[in-house]
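Reading the structure
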Amino acid sequence: MATGDETFSYDHMKELKEFDNSKIGVKGLSESGITTIPVFFIQPPETLSDLKSSSTCTEIPLIDLSNVNSDLHRPKIVEQISEAARTWGFFQVINHGVPVLALDEIIVGIKAFHEQPTEVRGKQYVREEGRGVMYASNNDLYRSKAASWYDSLQVWMAPEPAKVEDIPAVCRREVVEWDMHAKKVATTVMELLSQGLGLEPGKFDELGFSDTRLFMGHCYPYCPQPDLTVGIKSHTDYGLLTVLLQNQVHGLQVKHGDGWVNVKPLREGLIINIGDSLQIISNGEYKSVEHRVLANSSKESRISVVEFFQVDKRNESCSYGPLPELLSPEKPAIYRNFTMREFQENFYSKEIDSKSLVEKLKL
Ligand SMILES: O=C(O)CCC(=O)C(=O)O
Ligand SMILES: [Fe+2]
């Protein structure tokens, strides 16, 4: 009989370490056929009650990039994309130029990685956040109050790219190619976003917006108790821009107004979102918006491929802040500058959460 003592003797850290050392990830837990999730995955009541808040049936803006190089159509696309970045912080692009084959291959490659036999995967399980290749469950496992139901493969693409031979063979070519495709799309989008602020298209390229690139291949396996945990808890992304591709399994939600909006899987679509750093350097014009992933209740794993873009993280003392071109007596800076050192410290000191960088820098 449960006496209640278990609650008091429960050692969160010990349980986390046992799980981490088992190297099986949540994929392994899911495959073991468990019907109840370990206690350390159970989210606090405030997180759980918010999961029940209704999601509206609106959708994030959809932007067609087919005529992006036409003088006639470009201004309209600039307007659409900057409006989406100002009001939603999230949008989906189609006709972005990435071949359908490449979209399919990266999803298949990441799925294949996560679906290798547990022992094979376990040999590659390593928690080393700052460089090279990492495969682990919950990047912030030891920094968060409760764990979430996802595993990820993380590969640093720049400024110090992981050794190609360290990228798992099942998805090596796909990951390397994806970096190129994601960077191309991000460049196009950044040019449009720059124009949307009234700046030269090449402004963000000059700043080196893609000098730091982090690739992540997430897996959200079936969760037997999706009402007690999350796929990824609500957070904003820290960098400048994120490019995201998902398979056909639902789960991603974006905060809009008081509610959550489901980002429906759209074959051939790429999801783009504004990160905290871009909210700051655009002096609040573009919004970095909270998003989360629900724990997956479908038998098929949800796979997502994410690439984060940021200025060179090695420029530790370099200072970034609202672009002077955007400031005027009517529009003074609303954020102070930050250095990459500060950015890095903030990133690694806490669990992924909401707006911490933006809040911290607010004047
Ligand atoms: O898997 C997703 O759709 C979202 C992942 C995400 O938000 C992140 O990695 O920052
Ligand atoms: Fe995110």
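Before reading further, recall that the structure is shown in the block above.
Because the structure is a prediction, the values reported are computed rather than measured.

Cut-offs and rules
Residues numbered from 1 in each chain as written. Chains lettered and ligands numbered in written order. Predicted model: local features only at pLDDT ≥ 70, side-chain atom pairs only at ≥ 80, totals over all residues. Near = placed C-beta within 6 Å. Helix = DSSP H or I, 4+ residues; strand = E, 2+ residues; numbered from the N terminus. Expected span 1.5 Å × (residues − 1). Buried ≥ 20, exposed ≤ 12 C-beta atoms within 10 Å, placed from the backbone. Arc of directions from axis to C-beta. Contact = placed C-beta atoms within 7 Å. Axes fitted to C-alpha atoms, helices over the stretch in contact; angles between N-to-C directions. Parallel < 35°, antiparallel > 145°, perpendicular 65-115°, else oblique. Nonpolar A, V, L, I, M, F, W, Y, C, P; charged D, E, K, R; others polar.

**As for the site of ligand 1**
Within the structure, ligand 1 sits among M216, H218, I232, D237, L244, Q246, L252, H291, V293, S304 and V306. The set of elements that each furnish at least two residues to the shell around ligand 1 consists of β6 (212-220), β8 (241-246), β12 (291-294) and β13 (302-310).

**Describing helix α5 (residues 74-87)**
Residues spaced three or four apart along an α-helix point in a common direction, a consequence of the helix completing one turn every 3.6 residues. The end-to-end C-alpha distance of α5 is 20 Å, a good match for the 20 Å that 14 residues give at a rise of 1.5 Å each. Those residues of α5 that fall on the buried side of the exposure criterion are I77, V78, I81, S82, A84 and A85. Seen from one end, α5 has its buried residues packed into an arc of 155 degrees, which puts them on one side. In α5, the exposed positions that point more than 90 degrees away from the buried face belong to P75 and K76. In the core, the buried residues of α5 are packed alongside β2 (62-64), β3 (90-94), α8 (172-196) and β11 (270-274). Downstream of α5 by a residue or two, G89 has a phi angle that is positive, lying close to 75 degrees.

**Thoughts on the packing of α5 against α8**
The geometry of α5 relative to α8 is characterised by a closest axis approach of 8 Å and an angle of 85 degrees between their N-to-C directions. By the angle between their directions, the pair α5 and α8 is classed as roughly perpendicular. Taken together, the residues of α8 that come into contact with α5 (itself represented by I77, V78, I81, S82 and A85) are V189, L192, L193, Q195 and G196. Residues that form the contact of α5 with α8 fall into these classes: seven nonpolar, three polar and no charged.

**Here's the deal with helix α6 (residues 100-114)**
In this model α6 runs 22 Å from its N-terminal to its C-terminal C-alpha over 15 residues, within 8% of the 21 Å that 1.5 Å per residue would give. Listing the buried residues of α6 in full gives L103, I106, I107, G109, I110, F113 and H114. When α6 is viewed along its axis, its buried side chains cluster within an angular range of 160 degrees and face the same direction. Along α6, the residues that are exposed and aim more than 90 degrees away from the buried face are V100 and L101. In the core, the buried residues of α6 are packed alongside α3 (25-31), β5 (151-158), α8, β6, β8 and β13.

**Section: unusual backbone geometry**
Residue P159 is bonded to the preceding A158 through a cis peptide linkage, with omega at 5 degrees. Tracing the backbone shows P159 in the loop between β5 and α8. At K23, a position not held by glycine, the phi torsion is positive, near 55 degrees. By secondary structure assignment, the location of K23 is in the loop between α2 (12-22) and α3. Even without being glycine, N138 reaches a positive phi, approximately 55 degrees. Relative to the assigned elements, N138 resides in the loop between β4 (133-137) and β5.

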